[in-house]
Amino acid sequence: MIDTHKTGEFRYEVSDIRDQDEAEFGITPSQTVGPYVHIGLTLEDSEVIATEGDTVEVTFSVIDGNGDPVADAMIEIWQTRPDGTYNTDEVEGFRGLGRGMADETGTVTFTTLRPGATEEEAAHLKVGVFARGMLERLYTRLYFPENDNSSDPVLELVDAARRDLLIAEPVDGGYRKTIVMQHADPEKETPFFRV
Amino acid sequence: MSTPVNAATDGFFAPLHFPEYRTTIKRNPTNDLIMVPERLGEISGPVFGDRDLGGIDNDMTQANGGEAIGQRIFVHGRVLGWDGKPVPHTLVEAWQANAAGRYRHKNDSWPAPLDPHFNGVARTMTDENGHYNFLTVMPGMYPWGNHHNAWRPAHIHFSLYGRQFTERLVTQMYFPGDPMFFQDPIYNSVPAGARERMIAVFDYDETRPNYAVGYKFDIVLRGKNATPFE
């Protein structure tokens, strides 16, 4: 930003580079999904990851740095099958990828199977959070309280005080977790990862 | 307030906190992101496939039994991996405002007209060479409440999954010469030199005679630690 006009208008320098062919070739930057993400990315039953087997419901609520629900959040889940394999090839009744739009309380519920551990890692869900006001996806994980997560190499990277923020809370029919995008106390803020 | 050094991809992409885009201030962590080594789940993984699409529809210019108002445009390009190689058979989702700058959304209430024949959503797949295309109308600019007299440059939202968790991308395509770039914090949150990668190329060769103006927009997905060509 070069300056701010007295009315609060922003002024940025505009480069002479006219388009992507004149720019240096490279990775396309991320931009926010914006407030109207529902137009483009709502798909019927996309929060249903599994339709067969011993399904559970996993509910996420997203709150911002004021403690307010993020009603326009979109959450995505990536996970293994119960046997710890990823279904790169599609399997009937299980997709491994879920996408859900938050309601007015910032809440999304997925229906899925409990993931399995892999050789290296404890069972977990990979969780992507998108919303207006987020220029990048935020990536966090959800582990399960009934498992031994002590040797998970990713959980180990998280300072001990915040590890519990990545463990699901059991409830009737499944689990729930609140994703705290920001908190005045850094130890109460959900850990997010960079890949 | 201090701005944490927690850009997901330093140098090329927007920081998580970009206070001039006000909503970023409370919707991103104050702790730094935790760097994870690349592991199985980050480098493989499921994708939405054909059966999950809810149907392919790569024509936004026809809806509800009529033709959308506006300048018809033909948007096409390639989806590439971080190594520059095409990504075949991958989902491309797009959404946008109508020619008047209005979204068909319950929360968009600014007084520009809705178009009964424009829904503003397309879903398509890349072909075996990584090409995609769709037909739409030129989206309008629209005002928003970020700062005094704030307007978004004309843009089309894109969502891509690629082949793995790290390739997931949501971005916006802009148009060359847009006069609103100078005041838009979302576009300018990306460092100079990289932000222009989001500007489509006017494409006369792909302009359809007597029908639609062509634009080319190639999309390059990030990969392993987002450090390509080294």
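Since we're looking at a predicted model, the values are computed, not measured. (Residues numbered from 1 in each chain as written. Chains lettered and ligands numbered in written order. Predicted model: local features only at pLDDT ≥ 70, side-chain atom pairs only at ≥ 80, totals over all residues.)

1. Concerning the overall build of chain A
Then step 1. The helix and strand tally for chain A stands at 1 helix and 11 strands.
Then step 2. The order of helices and strands in chain A, counted from the N terminus, is β-β-α-β-β-β-β-β-β-β-β-β.
Then step 3. Its C-alpha atoms put chain A at 60 × 40 × 35 Å along the principal axes.
Then step 4. Put simply, chain A has 195 residues, and 45% of those count as buried.
Then step 5. Pairs at least 24 apart in sequence give 68% of the contacts found in chain A among residues at least 6 apart. (Helix = DSSP H or I, 4+ residues; strand = E, 2+ residues; numbered from the N terminus. Buried ≥ 20, exposed ≤ 12 C-beta atoms within 10 Å, placed from the backbone. Contact = placed C-beta atoms within 7 Å.)

2. Observations concerning the sheet that holds strand 10 (residues 174-180) of chain A
Residue and element names in this part refer to chain A.
Then step 1. Read from one edge of the open sheet, 4 strands run 6-3-10-9, paired in mixed fashion. Whereas interior strands pair on both sides, the edge strands pair on one side only; in this sheet they are strand 6 (107-112) and strand 9 (169-171). Taking the axes of each pair of neighbouring strands and ignoring which way they run, one obtains an average angle of 25 degrees across the sheet.
Then step 2. Pairing geometry for strand 3 (residues 56-63) and strand 10, over 7 bridges, is parallel. Paired with F60 across the bridge in strand 10 is K177. (Pairing = 2+ DSSP bridges. Axes fitted to C-alpha atoms, helices over the stretch in contact; angles between N-to-C directions.)

3. Regarding the domain arrangement of chain B
All names here are of chain B.
Then step 1. Each assigned domain of chain B is listed here: domain 1 (1-35) and domain 2 (46-226).
Then step 2. Each partner contributes to the interface: domain 1 provides 9 residues, whereas domain 2 provides 9 residues.
Then step 3. For the side of domain 1 that touches domain 2, a count of residues per class yields 5 nonpolar, 2 polar and 2 charged. (Domains from an automatic or database assignment. Nonpolar A, V, L, I, M, F, W, Y, C, P; charged D, E, K, R; others polar.)

4. Thoughts on the interface of chain B and chain A
Then step 1. Opposite the 81 residues of chain B that make contact, chain A presents 71 residues.
Then step 2. Contributing elements (two or more residues each) for the side of chain B that touches chain A: strand 1 (34-35), helix 1 (40-43), strand 5 (91-96), strand 10 (155-160), strand 11 (169-174), helix 2 (185-188) and strand 14 (219-220) of chain B.
Then step 3. Counting residues per element, the side of chain B that touches chain A draws most heavily on strand 11 of chain B, which supplies 4 residues.
Then step 4. Grouping the constituent residues of the side of chain B that touches chain A by class yields 39 nonpolar, 26 polar and 16 charged.

5. Details of the environment of S30 of chain A
Then step 1. Relative to the helices and strands, S30 of chain A resides in the loop between strand 2 (10-11) and helix 1 (37-41).
Then step 2. In this structure S30 of chain A comes out as buried when scored by C-beta crowding, with 25 C-beta atoms within 10 Å.
Then step 3. Once residues lying within four places of it in the same chain are set aside, the contact partners of S30 of chain A are L135 and E136 of chain A together with F13, A14, L169, V170 and T171 of chain B.

6. Here's the deal with the sheet that holds strand 10 of chain B
All names here are of chain B.
Then step 1. Across the sheet, which stays open at both edges, the 4 strands sit in the order 6-5-10-11 with antiparallel pairing between neighbours. Since the sheet does not close on itself, it has two edges, and those belong to strand 6 (121-125) and strand 11, each with one partner. Here the strands of the sheet are splayed against their neighbours by 20 degrees on average, with no regard to which way each runs.
Then step 2. The sheet contact formed by strand 10 and strand 11 spans 6 bridges and is antiparallel. Bridging from a neighbouring strand, L160 pairs with L169 of strand 11.

7. Concerning the nonpolar core
The nonpolar side chains of a soluble globular protein tend to be buried with one another.
Then step 1. Among the nonpolar cores identified, the biggest contains 95 residues, and V62, A73, I75 and V129 of chain A together with L160 and L221 of chain B are the most heavily contacted of them.
Then step 2. Two domains each provide a minimum of three residues to this core, namely domain 1 (1-35) and domain 2 (46-226) of chain B.
Then step 3. In contact with I75 of chain A, other than residues within four places in its own chain, are F60, G100, A102, V108, V127, G128 and V129 of chain A. (Core = buried A, V, L, I, M, F, W, Y, C linked by C-beta atoms within 7 Å.)

8. Details of the environment of T112 of chain A
All names here are of chain A.
Then step 1. With respect to the helices, strands and loops of the structure, T112 is situated in strand 6.
Then step 2. Put simply, T112 and V56 are 56 residues apart on the chain and 5.5 Å apart in space, counted from C-alpha to C-alpha.
Then step 3. Apart from residues no more than four positions distant in its own chain, T112 is found in contact with I49, A50, T55, V56, V58, I77, Q79 and G98.

9. Looking at unusual backbone geometry
Residue and element names in this part refer to chain B.
Then step 1. Phi is positive for N64, which is not a glycine, with a value near 50 degrees.
Then step 2. Positionally, N64 belongs in the loop between strand 2 (62-63) and strand 3 (66-67).
Then step 3. Positive phi, normally seen in glycine, also occurs at H89, with a value near 55 degrees.
Then step 4. For H89, the location among the structural elements is in the loop between strand 4 (72-80) and strand 5.

10. With respect to the pairing of strand 3 of chain A
Here is the key point about a regular strand: its side chains alternate between the two faces of the sheet.
Then step 1. With 6 bridges joining them, strand 3 of chain A and strand 6 of chain A adopt antiparallel strand pairing. Opposite F60 of chain A, over in strand 6 of chain A, you have V108 of chain A as the bridge partner.

11. Considerations on the confidence of the model for chain B
Residues and elements named next belong to chain B.
Then step 1. For chain B, per-residue confidence averages 88 on the pLDDT scale, and residues scoring 70 or more make up 85% of the total.
Then step 2. Per-residue pLDDT stays below 50 along residues 1-9; that stretch engages in 19 contacts with residues further than four places along the chain or on separate chains.
Then step 3. For residues 225-230, every residue scores under 50 in pLDDT, and the model assigns this stretch 8 contacts once sequence neighbours within four places are set aside.
Then step 4. Under the prediction, the complex receives an ipTM of 0.94, its pTM being 0.93. (pLDDT = per-residue confidence, 0-100.)

12. With respect to the environment of I77 of chain A
Residue and element names in this part refer to chain A.
Then step 1. With respect to the element layout, I77 can be found in strand 4 (residues 74-79).
Then step 2. We classify I77 as buried; it has 23 C-beta atoms within 10 Å.
Then step 3. Once you skip the residues sitting within four places of it in the chain, I77 turns out to touch I49, L97, G98, F110, T112, L125 and V127.

13. With respect to the pairing of strand 7 (residues 124-130) of chain A
Residue and element names in this part refer to chain A.
Then step 1. Burial analysis of strand 7 places 6 of its 7 residues in the buried class, the great majority of the element.
Then step 2. Pairing between strand 4 and strand 7: 6 bridges, direction antiparallel. Bridged to E76 within strand 7 is G128.
Then step 3. In this sheet, strand 8 (residues 138-143) lies alongside strand 7 in antiparallel orientation, the contact comprising 6 bridges. In the strand pairing of strand 8, G128 is matched with Y139.

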